Amino acid sequence: QSLAPLCTLCCCGFLNRTLAVVFMVSLAFAIVVGNVVTLTVFVQTRQSRTPQGYLKSLTVSLAIADMMVGVLVVPFSVYTEISLMVTTAPPSWYQGSSTSPASTSSLGGLVSPWQPCMLIGPVFAGCTFVSISTIFLMTLERSVAILRPLHKDALVTRRRTLLLILLSWAASFLLALAPLIFSSNFTLEYNECSRMCNYTPLLFGSQLPPDANILLLFPAFDFTLLGGTLAVNIVSFTSIRRYSRKRKLLSEGSLSDGGGGGGGGCSHRPSFSDIKAAKTIGILTFAFTASFSPIAVFVLGNVVGYTWCNFSFFAFWILTGNSCCNVIIYSVRDHRFRKGVTLLFQRDRSPPHSEKT
């Protein structure tokens with residue numbers, strides 16, 4: 001049998017479910033519209049075969065992963081919550097509503113008939129891992145532009161970029177399915193606390209299965225990549241700070257240029273756009289780390305045996321809300337992105353015939 005429902009005041013009641021549905025619909029709209037705008041602006045740019053264009057390819061990959069959350073994951077939660085409000089019997093994928101007997105657990109914990117949570121749960125986990133791995137790749141690309149600007153054309157190529165994007169998607173969704181592939185003691189159910197499809201360990205009496213620790217693969221993978229991303233950002237920002245200090249000293253005349261080599265104003269200095277892009281990616285990394293940390297705490301506590309109903313709701317939906325933060329960060333940090341959005345909406349108005357040329 002699966003874990004029993006643990007409905008609390010925060011998660012139950014018609015008014016609370018109504019407010020949750022309004023929040024989910026608003027968030028889904030923001031995620032889809034924001035990422036559609038991001039995809040349109042970046043796809044329409046002409047720098048697709050330059051190192052700057054390869055960074056745009058990674059940005060498009062990140063936007064697609066975020067948009068899948070808004071198109072599949074959040075609408076399914078909206079549908080389930082509305083079903084709970086208008087019907088008396090919960091749907092078959094609802095937590096604790098499985099009617100399969102315990103003897104069927106030898107089938108890998110999969111409930112018959114097939115449940116939509118078997119798709120929605122791995123999609124949410126896979127898209128989260130894709131976002132983390134893509135931010136890591138973006139950080140590596142920017143570090144090359146900052147630390148080795150003369151070699152970035154040779155190191156960052158279109159083939160390598162596309163290959164790394166494909167590998168990140170394949171590895172992320174393989175990891176998302178790991179509890180079902182490597183264990184027969186897990187199922188996916190719609191959790192009434194988090195209001196999402198989550199992995200649920202099947203209980204043996206009142207004990208968790210011996211391989212429940214497999215869920216720790218998720219925070220271990222995420223924090224390994226996020227830790228590597230933060231380390232690379234620290235190296236890049238240290239180089240930027242050192243370059244900025246040398247440039248300031250040169251402008252004040254306190255440091256001699258010396259014609260090349262050791263000065264900060266030599267031909268191998270990073271460009272202003274590279275520095276600004278690195279800072280933008282650093283902000284993305286900080287935002288994702290902050291939004292993922294509550295989930296990591298929840299998963300760790302869940303494996304140990306604690307169940308935090310109210311906390312799980314806020315943890316999962318803070319992470320979901322991060323899917324619409326990227327377009328906000330781009331709008332604030334990148335004037336070219338703001339210009340692209342302006343041109344995109346101005347294009348809907350057909351110009352006078354005399355101005356078309």
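Parameters and conventions
Residues numbered from 1 in each chain as written. Predicted model: local features only at pLDDT ≥ 70, side-chain atom pairs only at ≥ 80, totals over all residues. Heavy atoms only, no water. UniProt positions renumbered as here; feature names shortened; annotations may be inferred. Phe/Tyr/Trp six-rings, centres within 6.5 Å; stacked < 30°, edge-to-face > 60°. Helix = DSSP H or I, 4+ residues; strand = E, 2+ residues; numbered from the N terminus. Buried < 20%, exposed > 50% of the residue type's maximum accessible area, 1.4 Å probe, protein only. Disulfide = S-S within 2.5 Å. 1 Å grid on protein atoms, 1.4 Å probe; cavity = no way out; pocket = protein on both sides within 12 Å on 5 of 7 lines; lining within 4 Å. Points joined across faces, edges and corners; volume = space filled by probe spheres on them. Nonpolar A, V, L, I, M, F, W, Y, C, P; charged D, E, K, R; others polar.

- Identification of the chain as Beta-2 adrenergic receptor-like from Seriola dumerili is taken from an unreviewed UniProt entry.
- Here is the UniProt Subcellular location (unreviewed entry) comment for the chain, exactly as written: "Cell membrane".
- The UniProt entry for the chain carries this comment under Sequence similarities (unreviewed entry): "Belongs to the G-protein coupled receptor 1 family."

1. A look at the packing of aromatic side chains
Here is step 1: Throughout the structure, instances matching the rule amount to 14 aromatic pairs.
Here is step 2: Pairing Phe-76 with Tyr-190 gives two aromatic rings, centres 6.4 Å apart and planes at 70 degrees, and the pair type is edge-to-face. One end of the pair, Phe-76, is in helix H2 (residues 51–86); the other, Tyr-190, is in strand E1 (residues 186–191), with 114 residues separating them in the sequence.
Here is step 3: Residue classification places Tyr-190 among the buried positions, given a relative accessible area of 0%.
Here is step 4: Arranged with centres 5.5 Å apart and planes meeting at 65 degrees, the rings of Phe-223 and Phe-292 form a pair that is edge-to-face. Remark: Phe-292 occurs in helix H8 (residues 272–304) and Phe-223 occurs in helix H7 (residues 217–252); sequence separation between them is 69 residues.
Here is step 5: On the accessibility criterion, Phe-223 (37% relative accessible area) is partly exposed.
Here is step 6: Phe-292 sits in the buried class, given a relative accessible area of 3%.
Here is step 7: Following the ring pairs from residue to residue traces out a cluster consisting of Phe-76, Tyr-79, Trp-93, Tyr-94 and Tyr-190.

2. Notes on the state of the cysteines
Here is step 1: Summed over all chains, the structure comprises two disulfides.
Here is step 2: A sulfur-sulfur separation of 2.1 Å characterises the disulfide bridge that pairs Cys-117 with Cys-197. Taking the sign of the S-S torsion, -65 degrees for the link of Cys-117 and Cys-197, the bridge is left-handed. Note that Cys-117 is positioned in helix H3 (residues 117–147) and Cys-197 in strand E2 (residues 196–201), a separation of 80 residues in sequence.
Here is step 3: Note on Cys-117: relative accessible area 0%, which makes it buried.

3. Let's talk about empty space enclosed by the protein
Here is step 1: Throughout the structure, instances matching the rule amount to one cavity of 30 Å³ or more.
Here is step 2: For the largest cavity, the calculated volume is near 70 Å³.
Here is step 3: What lines the largest cavity is Asp-66, Val-69, Phe-124, Cys-127, Thr-128, Ser-131, Phe-288, Leu-319, Asn-322 and Ser-323.
Here is step 4: For the lining of the largest cavity, the element with the most residues is H3, which contributes four residues.
Here is step 5: Classifying every residue of the lining of the largest cavity by side-chain character gives five nonpolar, four polar and one charged.

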